[in-house]
Amino acid sequence: MITVRHATENDLPQILAIYNEIIENTTAVYYYEPHTLDMRRQWFEERKQLGLPVFVAEEAGVVLGMSTIGPFRVPTAYKYCVENTVHVAAQARGRGVGKLLMPPIIEAARQLGMHTIVAGIDAENEVSIRLHKNFGFEEVAHFKEVGFKFDRWLDLKFLQLLLPAGAGRT
Ligand SMILES: CC(C)(COP(=O)(O)OP(=O)(O)OC[C@H]1O[C@@H](n2cnc3c(N)ncnc32)[C@H](O)[C@@H]1OP(=O)(O)O)[C@@H](O)C(=O)NCCC(=O)NCCS
């Protein structure tokens, strides 16, 4: 059975392995070089300090995927906007794990009084675009050739989910 729960420090090596496979083999993430465990630890610590959750999907002790929300941009006026991330391990894709990892981050954004969630998705990543649209995200921007990886230009889409009850309204 696949369960979704809050991530702990112990999950970081598996989260890192999932992320580095994506860096190495896909254009879903625009980094070229693998990240280190220290970088993951620092990232996790920052999320904790900001009170922003990281979720993992787990099956029989194996982490199959993760989702999180982080700051969209630094200036204060962006304080009711978060950017989401969702990644699933190569061997677990297409089994509905991404679908399980989306509701907790949307609910967490609501609970935190956020007004909107932004997802930055490579324009060729049809699975991720579909996943987000199924949860109500709408495409709001298409940036042409902002990325360059594997010897070709990459277009980036922004999708957005508005949470009308967000605290910015009150
Ligand atoms: C994108 C990603 C998070 C989706 O998670 P997943 O567990 O593979 O997807 P799910 O099985 O939950 O399926 C989500 C939707 O995509 C569809 N889908 C899944 N795999 C698919 C495939 N290979 N081709 C076409 N559609 C596919 C599913 O049918 C489902 O749509 P539906 O509800 O309308 O039927 C995952 O594939 C992944 O991590 N990929 C690599 C990294 C990445 O792209 N991260 C996102 C960066 S924005």
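Scroll up for the structure.
Remember, predicted model here, so these are calculated numbers, not experimental data.

> Is there a simple way to explain the packing of helix α1 (residues 12-25) against helix α2 (residues 37-50) in this structure?
Helix-helix packing: each pair is described by the crossing angle between the helix axes and the interaxial distance. Two elements in contact, α1 and α2, have axes separated by 10 Å at closest approach and are oriented at 110 degrees. With respect to α2, the element α1 is oriented roughly perpendicular. Here the hand of the crossing between α1 and α2 comes out right-handed. Contacts from Leu12, Pro13, Ile15, Leu16 and Tyr19 of α1 reach α2 at Leu37, Arg40, Arg41, Trp43 and Phe44.

> What's the story with helix α3 (residues 97-111) in this structure? I'm lost.
For an α-helix the count is 3.6 residues per turn, leaving residues at separations of three or four pointing the same way. Counted at 1.5 Å a residue, the expected span for α3 with its 15 residues is 21 Å, and the 23 Å between its end C-alpha atoms agrees. Of the residues making up α3, those classed as buried are Val97, Gly98, Leu101, Met102, Pro104, Ile105, Ile106, Ala108 and Ala109.

> Help me understand the site of the ligand, please; the structure alone is not making it clear to me.
Taken together, 20 residues lie around the ligand, and Val88, Gly94, Gly96, Gly98 and Asn125 are the ones closest in. Between the ligand and the protein, one listed contact pairs an oxygen atom with a backbone N or O atom of Gly94 at 2.9 Å. A distance of 3.4 Å is found between an oxygen atom of the ligand and a backbone nitrogen or oxygen belonging to Val97. When the free accessible area of the ligand is taken as 910 Å², the share hidden by the protein chains comes to 74%. Contributing elements (two or more residues each) for the shell around the ligand: β4 (81-88), α3, β5 (116-122) and α4 (126-134). The class makeup of the residues in the shell around the ligand is eight nonpolar, eight polar and four charged.

> I'm lost on the pattern of salt bridges in this one. Help?
Pairs may arise between side chains of opposite charge once their charged atoms sit close together. Inspection of the entire model under this criterion finds ten salt bridges. Between Arg110 and Glu107 there is a salt bridge, with the nearest N and O atoms lying 3.9 Å from each other. On the criterion of helical spacing, the pair formed by Arg110 and Glu107 is a turn pair, its members being three residues apart in helix α3. According to the relative accessible area criterion, Glu107 is partly exposed, its value standing at 36%. Glu139 is paired through a salt bridge with Lys157; the nearest N and O atoms lie 3.1 Å apart.

> What's the story with the pairing of strand β3 (residues 62-71) in this structure? I'm lost.
Remark: a regular strand shows side chains that alternate across the two faces of the sheet. Of all ten residues in β3, eight are buried, a share of seventy percent or more. Bridging between strand β2 (residues 54-59) and β3 involves six bridges; their strand directions are antiparallel. Paired with Ala57 across the bridge in β3 is Gly65. Linkage of β2 to β3, two consecutive antiparallel strands, is achieved through a turn of two residues, within which Ala60 is found at a positive phi near 50 degrees. Inspection of the sheet shows β3 paired to β4 by seven bridges, in the antiparallel sense. Following the sheet pairing, Gly70 is matched in β4 by Glu83.

Reading guide: rules and limits
Residues numbered from 1 in each chain as written. Predicted model: local features only at pLDDT ≥ 70, side-chain atom pairs only at ≥ 80, totals over all residues. Heavy atoms only, no water. Axes fitted to C-alpha atoms, helices over the stretch in contact; angles between N-to-C directions. Helix = DSSP H or I, 4+ residues; strand = E, 2+ residues; numbered from the N terminus. Parallel < 35°, antiparallel > 145°, perpendicular 65-115°, else oblique. Left-handed = near helix turned anticlockwise from the far one by under 90°. Contact = heavy atoms within 4.5 Å. Expected span 1.5 Å × (residues − 1). Buried < 20%, exposed > 50% of the residue type's maximum accessible area, 1.4 Å probe, protein only. Near = heavy atom within 4 Å. Polar contact = N/O pair within 3.5 Å; in protein donor to acceptor, adjacent residues only side chain to side chain. Areas by Shrake-Rupley, 256 points an atom, 1.4 Å probe, with all protein chains shown as cover. Nonpolar A, V, L, I, M, F, W, Y, C, P; charged D, E, K, R; others polar. Salt bridge = Lys/Arg side-chain N within 4 Å of Asp/Glu carboxyl O. Pairing = 2+ DSSP bridges.

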